[in-house]
Amino acid sequence: MLVDDTNDPVLVHVQVKGARDLAAKDTTGTSDPFLQLACGNTKFATSVVKKTRFPRWNEKFTFKVRKPLDPSMNIRFVCTDWDRISHNDFMGQFEVPVSSITPGEPHKAWYRLRPKPTVMNGDGDSELGAIRLKVRCTEQNVLPSLCYEPLKELLIDAVGQPEDGGLVLFTLLQEVMVADLNEMATVLVKLFLGCDQAVTFLDIICQQEVDGCDNPATLFRANSLGSKAVDQFMKVLMIVVYCPEQ
């Protein structure tokens, strides 16, 4: 079967790992940095790390970019010092061209923060520090809905008969979709809500996480399928209860 994937999106996965040698913007000789990311109309921001010039974020974000790729499209990064009372302070910026990311090949690098173009002067940007990123690009090909019917039936059977291999299926899904767990959790919750098996699904996936955990402190961590599925289910419940007309 030939599938026209011209309009299927390219997913650009960005992991903001940390920073080093950031400028000291506070009187304490440190800063409260956070990083803003923007590509097209999509924007994200990391959490604020207090009182440091060497923050560690390890936060992940995903941009959806339509094909064909625009050679001039960039992901813009702006590092900012958060202030409770006064205005936030600019700490530096840089851009990563989307066209420079090779699909399927993770790229790790330090990116030097640079001043705004209006104040650039020689090597003056060398004291602004650097941001460490891991960037990966994947292509998302969406097939006609009928192509997914066998998988849909397999998932429903897995919830109905978990002792017959259903748990193995969810384990495999979590391993192969590790970069898109939130999206996968959303799809699964919607699927099982539609067939009135959402509670059974959550019970299975949460019990699986409990059984496979060696350290109780890591239970239902934010990057697990179980925690993300529960989050998505609670969001649906809130909409049903507080916004029934939507």
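What you see is a predicted model; the values in this text were computed from it and never measured. (Residues numbered from 1 in each chain as written. Predicted model: local features only at pLDDT ≥ 70, side-chain atom pairs only at ≥ 80, totals over all residues. Heavy atoms only, no water.)

**Points about unusual backbone geometry**
Formally: Comment: elements are numbered from the N terminus, with helices defined as DSSP H or I runs of at least four residues and strands as E runs of at least two. Here's how the labels work: a residue is buried when its accessible area is under 20% of the maximum for its type, exposed when over 50%, partly exposed in between, all with a 1.4 Å probe on protein chains only.
Look at Asn58: it is not a glycine, yet its phi comes out positive at around 50 degrees. Note that Asn58 resides in strand S4 (residues 56-66). A relative accessible area of 48% means that Asn58 is categorised as partly exposed.

**A few points about the nonpolar core**
Note the threshold: To qualify as a nonpolar core, a set must consist of buried Ala, Val, Leu, Ile, Met, Phe, Trp, Tyr and Cys residues joined through side-chain atoms within 4.5 Å. Whether two residues are in contact is decided by their heavy atoms: any pair within 4.5 Å suffices.
Ranked by size, the top nonpolar core spans 30 residues in total, and within it Val12, Val14, Val16, Phe77, Ile131 and Leu133 carry the most contacts. Broken down by secondary-structure element, the contributors of at least two residues to this core are strand S1 (9-20), strand S2 (33-39), S4, strand S5 (74-81), strand S6 (89-97), strand S7 (107-112) and strand S8 (130-139). In terms of residue count, the dominant contributor to this core is S1 (five residues). Not counting the four nearest positions on each side in its chain, Phe77 is found in contact with Val14, Leu35, Gln36, Leu37, Gly92, Gln93, Phe94, Val96 and Leu133. In this structure, Phe170, Leu188, Leu191 and Phe192 belong to the second largest nonpolar core, which totals 20 residues.

**Looking at helix H4 (residues 198-211)**
Put simply, the rule reads: Every helix has an expected span of 1.5 Å times one less than the residues it contains.
In a regular helix each residue adds 1.5 Å, so 14 residues correspond to 20 Å; H4 covers 20 Å between its end C-alpha atoms and thus fits that length. If you check which residues of H4 are buried, you get Ala198, Phe201, Leu202, Ile204, Ile205, Cys206, Gln208 and Glu209.

**Examining the pairing of strand S3 (residues 42-45)**
Note the following rule: At least two DSSP bridges between two strands are required for those strands to pair.
Looking at chain direction, S2 and S3 are connected through four bridges and run antiparallel. Looking across to S3, one finds that Leu37 is bridged to Phe44. Here S2 folds back onto S3, and the loop between the two strands holds two residues, one of which, Gly40, carries a positive phi near 65 degrees.

**Quick notes on helix H1 (residues 149-160)**
The test is simple: Think of it as the arc spanned by the lines of direction from the helix axis to the C-beta atoms.
Compared with the 16 Å implied by 1.5 Å per residue over twelve residues, the 17 Å span of H1 between its first and last C-alpha is a close match. Along H1, the residues classified as buried are Leu155, Ala158 and Val159. One face of H1 carries all of its buried residues, which in axial projection span an arc of 95 degrees. Looking at H1, the residues exposed on the side facing more than 90 degrees away from the buried face are Pro150, Glu153 and Gly160.

**Section: the sheet that holds S5**
Pairing between the strands of a sheet comes from backbone hydrogen bonds, and it takes one of two forms, parallel or antiparallel. Threshold: Each axis is a line fitted through C-alpha atoms, taken for helices only over the stretch in contact, and angles between the N-to-C directions span 0 to 180 degrees.
The sheet built from four strands is open, its strands ordered S3-S2-S5-S6 with antiparallel pairing. The open sheet has two free edges, formed respectively by S3 and S6, since each of these has just one partner strand. Sheet twist, expressed as the mean angle between neighbouring strand axes with direction ignored, is 15 degrees. Bridge count for S5 against S6 is eight bridges, and the pairing is antiparallel.

Take it as geometry only, folks, not as evidence of what the structure does.
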